[in-house]
Amino acid sequence: MQQTIDRFVHSLLLEPKFQFKLNYVEILSFTIPKYNHRELYHGIKDDNPDHVIDKIKNEGFRIPSRSGNKDRGRGIYFSSHGRYQYLWLNHIAPIMICDVLENEESVKRYRSEIGPGYEFVVTDPKLIIPKCVVQYEVTEDWKELEEAEETEGPEEVQNESVYTPPGEFGCPVCDPVFTRCDCELLPTFEKD
Ligand SMILES: [Zn+2]
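Description of the structure in this document. What you are looking at is a predicted structure, and each value in this text was computed from that prediction instead of being measured.

## Regarding the overall build of the chain
- Helix and strand counts for the chain stand at five helices and seven strands.
- If you list the helices and strands of the chain from N to C, you get α-β-β-α-β-α-β-β-β-β-α-α.
- The buried share of the chain, reckoned over its 192 residues, is 23%.
- Taking all contacts inside the chain whose residues are at least 6 apart in sequence as the whole, residues at least 24 apart take part in 76%.

This is the structure:
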């Protein structure tokens, strides 16, 4: 499990001046899947994250009734790195680290809007094995962002510091026309 946490911390790509502080890890499963799988991150976006985590523990993941992202469809969203949740939801939100079984039909891969890496949309909850819940803090970094928010407003700070700008997704179709890339990437499971 330590390796899983280490990979997560590494995926945040924190500059050396920022400090990662692990508040707690709740182990959900030590099962190592028999099938090919990929370790992915799911942020818990809710005012009451404990409730969501309990539901997942008791009932497993569920496909949300509405799409979180109209162009990528209904499904459970994961990312290949922890920066998505860290920069979008911030460190207050707990992160769930899961193994997702490789399945070309029920998993789609897209370019991450918060790079570098990928976003995955899973449409079959049975493919997801939650491993642990991590609650952490990043000091210094977040303080700077809050200070910037005070002077520039939260929207502006988030937009300029977090998202890949149109034209810089690395997509030969979308970049020339400066749109957000929602092209599905194949093969779904490719090494980074
Ligand atoms: Zn594209």
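## What to know about the environment of D50
- Among the secondary structure elements, D50 is positioned in helix α2 (residues 49-59).
- Between the C-alpha atom of D50 and that of P94, which follows or precedes it by 44 residues, the distance is 9.0 Å.

## Focus on the environment of L22
- Inspection of the secondary structure assignment puts L22 in strand β1 (residues 19-27).
- Of the residues examined, L22 has 12 C-beta atoms within 10 Å and is grouped as exposed.
- Sequence-wise, L22 and E137 are 115 residues apart; in three dimensions their C-alpha atoms are separated by 6.4 Å.
- Each residue touching L22, except ones within four places of it in the same chain, is listed here: I5 and Y136.

## Some words on the nonpolar core
- Within the largest apolar cluster, 25 residues are counted, with the highest numbers of intra-cluster contacts made by F78, V100, F120 and V122.
- Those elements that provide at least two residues to this core are β2 (37-43), β3 (76-79), β4 (95-101), β5 (107-111), β6 (118-122) and β7 (128-139).
- Sort the elements by how many residues they give to this core and β4 lands first, with five residues.
- Excluding residues within four positions of it along the chain, F78 makes contact with L40, Y41, H42, C98, V100, F120 and V122.

## Focus on unusual backbone geometry
- Note the cis peptide between G115 and P116, where omega equals -10°.
- Structurally, P116 can be placed in the loop between β5 and β6.
- Omega for the peptide link from L186 to P187 comes to -5°, which places this bond in the cis form.
- In this structure, P187 sits in the segment after α5 (154-161).
- Even without a glycine there, the phi angle at L13 is positive, about 50°.
- Note on placement: L13 falls in the loop between α1 (2-11) and β1.
- Assessed through the 14 C-beta atoms surrounding it within 10 Å, L13 is described here as partly exposed.

## Concerning the pairing of β4
- Of all the seven residues making up β4, six are buried; the element is thus mostly covered by neighbouring parts of the structure.
- Summarising the sheet, β2 and β4 pair through seven bridges and their orientation is antiparallel. By the bridge assignment, G43 is partnered in β4 with I95.
- Bridge count between β4 and β7: six bridges; the pairing is antiparallel. Residue C98 lies in a different strand from β7, and its bridge partner there is P130.

## Structural notes on the environment of F30
- By the element assignment, F30 lies in the loop between β1 and β2.
- Classification of F30 as exposed rests on a count of 8 C-beta atoms within 10 Å.
- Each C-alpha atom of the pair F30 and K131 lies 6.7 Å from the other, and the pair is 101 residues apart in sequence.

## Observations concerning the pairing of β7
- Looking at chain direction, β1 and β7 are connected through eight bridges and run antiparallel. When the bridges of β7 are listed, I27 appears paired with C132.

Analysis parameters
Residues numbered from 1 in each chain as written. Predicted model: local features only at pLDDT ≥ 70, side-chain atom pairs only at ≥ 80, totals over all residues. Helix = DSSP H or I, 4+ residues; strand = E, 2+ residues; numbered from the N terminus. Buried ≥ 20, exposed ≤ 12 C-beta atoms within 10 Å, placed from the backbone. Contact = placed C-beta atoms within 7 Å. Core = buried A, V, L, I, M, F, W, Y, C linked by C-beta atoms within 7 Å. Pairing = 2+ DSSP bridges.

Read these as layout, nothing more, since geometry by itself doesn't imply function.
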